[in-house]
Amino acid sequence: MRSGVPLDLAFTIIGLHLPAIIVLTIPIGVLLGTLLVFNRLSGDSEIIALRTNGVSFYQIAEWHRFSSGLHQLRLLRLERTGGAARQPHL
């Protein structure tokens, strides 16, 4: 590398920062994905069609609540196993 840092050291540093990055990016990605799904459902009038057929909004959102809970547990496990917790705060 141009700065004189060995390549394996650079990849090690990047690898050690990945858990902290993942803990921040996965919840944001899940939130944006959920917003895009409901925006598309609303734009295509699918929510109106589902509501007309007797499906409540809570039944529509049930899967998203369940999957967000799973993601939250995964991230908590990642953080507790030493991923982001060991990173020094700069």
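So, here's what we can say about the structure.

Conventions and cut-offs
Residues numbered from 1 in each chain as written. Predicted model: local features only at pLDDT ≥ 70, side-chain atom pairs only at ≥ 80, totals over all residues. Heavy atoms only, no water. Salt bridge = Lys/Arg side-chain N within 4 Å of Asp/Glu carboxyl O. Buried < 20%, exposed > 50% of the residue type's maximum accessible area, 1.4 Å probe, protein only. Axes fitted to C-alpha atoms, helices over the stretch in contact; angles between N-to-C directions. Helix = DSSP H or I, 4+ residues; strand = E, 2+ residues; numbered from the N terminus. Parallel < 35°, antiparallel > 145°, perpendicular 65-115°, else oblique. Contact = heavy atoms within 4.5 Å. Nonpolar A, V, L, I, M, F, W, Y, C, P; charged D, E, K, R; others polar. Expected span 1.5 Å × (residues − 1). Bend = angle between axes of the 7 residues up to and from the residue.

Looking at the pattern of salt bridges
Throughout the structure, instances matching the rule amount to 1 salt bridge. The partner of D44 in a salt bridge is R40, and the shortest N-O contact between them spans 2.8 Å. Given the relative accessible area of 41%, D44 is considered partly exposed.

Looking at the packing of helix α1 (residues 7-43) against helix α3 (residues 57-80)
Running from N to C, α1 and α3 cross one another at 175°; their axes reach a closest spacing of 10 Å. It follows that α1 is roughly antiparallel to α3 by the angle criterion. Contacts between α1 and α3 involve P19, I22, V23, I26, P27, V30, T34, V37 and F38 from the first element and F57, I60, A61, H64, H71, L75 and L78 from the second. Of the residues contributing to the contact of α1 with α3, the split by class is 13 nonpolar, 3 polar and no charged.

A closer look at unusual backbone geometry
Residues other than glycine seldom take positive phi values, yet S45 does so here, at roughly 60°. Here S45 lies in the loop between α1 and α2 (46-52).

Describing α3
When the terminal C-alpha atoms of α3 are compared, their 34 Å separation across 24 residues agrees well with the 34 Å that a helix rising 1.5 Å per residue should span. When the local axis directions of α3 are compared, the greatest deviation, roughly 30°, occurs at W63. Among all positions of α3, only I60, A61, S67 and L75 are buried.

The values reported here are purely geometric and, on their own, carry no functional implication.
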